[in-house]
Amino acid sequence: MGSLTHFYGKIIFVSDMKKLIKLIDENLDKLLPVQYPQEIFESMRYSVLAEGKRLRPVLCLEAARVFGGKIEDAIPTACAIEMLHAQSLIHDDLPCMDNDDYRRGKLTNHKVFGEAVAVLAGDALLTFAPQLIIQKSNLPSEIKLRLLEEYCIAAGAYGLIAGQAVDIESEGKEISPETLEFIHTHKTADLFKLALKAGAIIAGAGEEKISAMENFGQNLGFAFQICDDILDETSTFEELGKTLGKDKAAQKPTYTAIFGLEKARTEVICLLDNTCGIMAKHGIQSGVFCEIIDGIKERATKC
């Protein structure tokens, strides 16, 4: 699977990202069948199977591969992380949160199934996802336990929820750069870190490599969120598939609101350069990582 390209003067193997996305989509469909009560599973599937970039599960699979693990061993965990991501989007779109009508070019979950079912679908995904790690992973018990710990930290009050809570508290207020970093780290980067660390853990990588993946995920996730802030001001609905300009209208704390577009673009490039530096330092050769890095950079600087 793949071809050869160059990275920092070295020849590296390029995995086919489209094949990884297809692998994730096939397994998400298989692992989340419609069961009784039908509506809740249809609501879960509506958001999980909506067309997306699948960055987080792809990062998990690729991290497992680059550290010598088997991609198939990482599939249940990668799918669990994508379900957690879908849960965060369902709840984020609710009227009591960001109140969005569209996501990935489709009506948001609560617009199709109603608020009550959408809340329950998010709750169901949050708890269904770790069951995949426990029941579907062919991994030693000690690895499963560590993966579950990483999942719970990233999903919980010290992770994603912390970022969402401070994001809501900060609406309409002037906040410090440190507070913005807290929001972007926990609301966005924590899931990138979870995916990359999980892949390394599954592959049996040492603590130095796992720590490198955490650092990589922090820089990549932060860059991704700043890019999202840029696109919210410069892109179109057709390109992003969601309502634009809502963050600005709601006086949400964004990188562009505090620092402006030019500084935001400069910071994205700096953060992505950091990820390339981490790869070079640790001898990580991955065309998939390079493709994701280049994709974020291109989206952030195209306008």
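What counts and what doesn't
Residues numbered from 1 in each chain as written. Predicted model: local features only at pLDDT ≥ 70, side-chain atom pairs only at ≥ 80, totals over all residues. Heavy atoms only, no water. Helix = DSSP H or I, 4+ residues; strand = E, 2+ residues; numbered from the N terminus. Contact = heavy atoms within 4.5 Å. Areas by Shrake-Rupley, 256 points an atom, 1.4 Å probe, with all protein chains shown as cover. Salt bridge = Lys/Arg side-chain N within 4 Å of Asp/Glu carboxyl O. Buried < 20%, exposed > 50% of the residue type's maximum accessible area, 1.4 Å probe, protein only. 1 Å grid on protein atoms, 1.4 Å probe; cavity = no way out; pocket = protein on both sides within 12 Å on 5 of 7 lines; lining within 4 Å. Points joined across faces, edges and corners; volume = space filled by probe spheres on them. Nonpolar A, V, L, I, M, F, W, Y, C, P; charged D, E, K, R; others polar. Patch = residues over 30% accessible without salt bridge, like charges linked within 9 Å, V, L, I, M, F, W, Y side chains within 5 Å. Core = buried A, V, L, I, M, F, W, Y, C linked by side-chain atoms within 4.5 Å.

A. Expanded view of the overall build of the protein chain. Helices and strands together make up the secondary structure of the protein chain, namely 15 helices and four strands. Considered along the principal axes of its C-alpha atoms, the protein chain spans approximately 50 × 45 × 35 Å. By sequence separation, contacts in the protein chain at least 24 residues apart represent 72% of the contacts at least 6 residues apart. On the protein chain, roughly 13,600 Å² of surface is accessible, and the fraction owed to carbon and sulfur atoms is 52%.

B. Broad picture of the pattern of salt bridges. In this structure the tally under the stated criterion is 16 salt bridges. Taking the shortest distance from any N to any O, the salt bridge between D98 and K187 comes out at 4.0 Å. Residue D98 is located in the loop between α4 (71-92) and β3 (102-103), and its partner K187 is located in helix α9 (residues 177-202); the two are separated by 89 residues in the primary sequence. The pair D98 / K187 is uniform in exposure class, with both members buried. A salt bridge links K111 to D101, with the nearest nitrogen and oxygen atoms 3.6 Å apart. Of this pair, K111 sits in helix α5 (residues 109-113) while D101 sits in the loop between α4 and β3, and the two are ten residues apart along the sequence. By relative accessible area, K111 is classed as partly exposed at 45%. With a relative accessible area of 31%, D101 lands in the partly exposed category. Through salt bridges with shared partners, one network takes in R146, E150, K197, E207 and E214.

C. Geometry of empty space enclosed by the protein. Tallied over the full model, the rule gives one cavity of 30 Å³ or more. Lining the largest cavity we find 13 residues, and of these S47, A50, L89, D93 and R103 sit closest to its centre. Those elements that place two or more of their residues in the lining of the largest cavity are α2 (38-48), α4 and β4 (106-107). Element by element, the count of residues in the lining of the largest cavity is highest for α4, at three residues. Grouping the amino acids of the lining of the largest cavity by side-chain chemistry returns six nonpolar, three polar and four charged.

D. Highlighting a nonpolar patch on the surface. Residues Y102, L107 and V112 make up a contiguous nonpolar surface patch of about 230 Å² in total accessible area. Within the secondary structure layout, Y102 lies in strand β3. The exposure class of Y102 is partly exposed, given its relative accessible area of 33%.

E. Quick peek at the environment of F67. When you line up the elements, F67 lands in the loop between α3 (55-66) and α4. For F67, a relative accessible area of 17% gives the class buried. Considering only alpha carbons, one finds F67 and G206, 139 residues apart in sequence, at a separation of 9.4 Å. Those residues in contact with F67 that lie beyond four places of it in its chain are A200, A203, A205, K209, M213 and I284.

F. Just the nonpolar core, in detail. Counting residues in hydrophobic clusters, the biggest one holds 92 residues, and the most contacted among them are M44, M83, M213, F216, L220, F289 and I292. No other element matches the twelve residues that helix α10 (residues 207-234) contributes to this core. Discounting chain neighbours no more than four positions away, the residues touching F289 are L59, E62, A63, V66, L196, M213, F216, M279 and I284.

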